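Report on the structure
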Amino acid sequence: MVRSIPPGRVATYGDVAALAGRRRAWRAVGNLMRDCGDLAVPCHRVVASGGRLGGYGGNVGLKRALLRAEGLVVVGSRIRHFAAVRVKGVSPKD
């Protein structure tokens, strides 16, 4: 599901949990994203509710830089125009 979030767009931990059929498992999604070392999974595109960046394994600066490189406007620890770049209906690729 995370791999299907297109560049320049984001989904929340809760969005990913809901799409996995476990809408209340947002914390588990955050833990998985924090520990994900697979470069093929764009973990930086999964953010906290309201457009906050979240932790990114302690390297919020890198997460901010990756999102900015994809064209998102990040001010401090929030994504500007969050509602416009949020993807709620991501689905796994076959």
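See the structure above.
Residues numbered from 1 in each chain as written. Predicted model: local features only at pLDDT ≥ 70, side-chain atom pairs only at ≥ 80, totals over all residues. Heavy atoms only, no water.

In this section: the pattern of salt bridges. Within the structure shown, the criterion is met by four salt bridges. Notably, a salt bridge pairs Arg86 with Asp15, separated by 2.7 Å at the nearest N-O pair. A residue pair is termed long-range when its members are at least 10 positions apart, and Arg86 in the segment after helix 4 (82-85) and Asp15 in helix 1 (residues 13-19) qualify at 71 residues. Overall, the relative accessible area of 26% leaves Arg86 in the partly exposed class. (Salt bridge = Lys/Arg side-chain N within 4 Å of Asp/Glu carboxyl O. Helix = DSSP H or I, 4+ residues; strand = E, 2+ residues; numbered from the N terminus. Buried < 20%, exposed > 50% of the residue type's maximum accessible area, 1.4 Å probe, protein only.)

Unlike most non-glycine residues, Tyr56 shows phi in positive territory, near 55°. Given a relative accessible area of 24%, Tyr56 falls into the partly exposed group. A positive phi angle, close to 60°, is found at His81, a residue other than glycine. Locating His81 in the fold gives a position in the loop between strand 4 (78-79) and helix 4.

Let us look at the side chain of Arg45. Considering the arrangement of structural elements, one finds Arg45 in the loop between helix 2 (26-35) and strand 2 (46-47). Under the relative-accessibility criterion, Arg45 is labelled buried at 10%. At 2.8 Å, the side chain of Arg45 forms a polar contact with the side chain of Glu70. Dropping the residues within four chain positions of it, Arg45 is found in contact with Ile5, Pro6, Pro7, Arg9, Val10, Ala11, Leu67 and Glu70. (Polar contact = N/O pair within 3.5 Å; in protein donor to acceptor, adjacent residues only side chain to side chain. Contact = heavy atoms within 4.5 Å.)

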